[in-house]
Amino acid sequence: PVNIIVNCTGFRARYLGGAQDMRCYQTRGQTAIIRAAWVNETVSWISKKGSIMYVIPRLNGEVVLGGSYEAYQNNEMASGTKTTHILKTIIERYPKILTPGSSAAYAANSDLLSKFDIVDQKVGFRPSRIGGVRVEVEHGRTGCGENVLIAHNYGHGGAGKETNDFEL
């Protein structure tokens, strides 16, 4: 017999029978991964508007730069415009990201994307929820009519995968 069901469905909780939480939505995020072995510290900033930017070095010399937070967006393609915005913002806040010996004026000239060794541009989707995370337990019944606890845990809108040093 089943005693507990754990619901960690993310933004798809809006379509899950029994939950159908219409407050769930997906949020698009984009990062740029560059080669910058001289960067050896993790830094992040939260703007007054709540947007988060970060620099996360990996052990292999790559650095994850982010990010973006675009609620209700589902475009899976990386945007060069968004990458340029990320790079400009990071340069303003963390000039150490530039190749040693170069200056912010150097990076401001012409094509910003050509100034970096861009390994990849990634797009991902976060499970967000109006009103914040749902973490609660309720009593329910299985399809066979047995009593069961249902533990809901979704809507975090968080990050995590981009910080690891390996691919699963």
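Parameters at a glance
- Residues numbered from 1 in each chain as written.
- Predicted model: local features only at pLDDT ≥ 70, side-chain atom pairs only at ≥ 80, totals over all residues.
- Heavy atoms only, no water.
- Helix = DSSP H or I, 4+ residues; strand = E, 2+ residues; numbered from the N terminus.
- Buried < 20%, exposed > 50% of the residue type's maximum accessible area, 1.4 Å probe, protein only.
- Contact = heavy atoms within 4.5 Å.
- Phe/Tyr/Trp six-rings, centres within 6.5 Å; stacked < 30°, edge-to-face > 60°.
- pLDDT = per-residue confidence, 0-100.

Visitor: So what's going on with the side chain of Glu62? Which residues, and what values?
Guide: Summarising the element assignment, Glu62 is placed in strand β5 (residues 62-66). Judged by relative accessible area, which is 13%, Glu62 ranks as buried.

Visitor: Now, about the environment of Ser44: what can you tell me, with residues and values included?
Guide: Considering the arrangement of structural elements, one finds Ser44 in strand β3 (residues 43-46). Take Ser44: its relative accessible area is 53%, and that puts it in the exposed class. With residues near it in sequence (within four places) discarded, Ser44 still touches Met53 and Tyr54.

Visitor: Got a sec to walk through the packing of aromatic side chains? Specific residues and values, please.
Guide: Throughout the structure, instances matching the rule amount to two aromatic pairs. Between the aromatic rings of Tyr25 and Tyr72, the centroid separation amounts to 4.3 Å while the plane-to-plane angle is 20 degrees, which identifies the pairing as stacked. Placement of Tyr25 in strand β2 (residues 24-35) and of Tyr72 in the loop between β6 (70-71) and α1 (80-93) is noted, with a sequence separation of 47 residues between them. Among the residues examined, Tyr25 registers a relative accessible area of 12% and is labelled buried.

Visitor: Lay out the confidence of the model for the protein with the relevant residues and their values.
Guide: In this model, the protein carries a mean pLDDT of 84, and residues with pLDDT of at least 70 account for 87%. Here helix α2 (residues 104-108) stands out as the element of the protein with the lowest mean pLDDT, 59, in contrast to β5, whose mean of 95 is the highest. Every residue in residues 159-168 scores below 50 in pLDDT, and together they form eight contacts with partners more than four places removed in sequence or on other chains.

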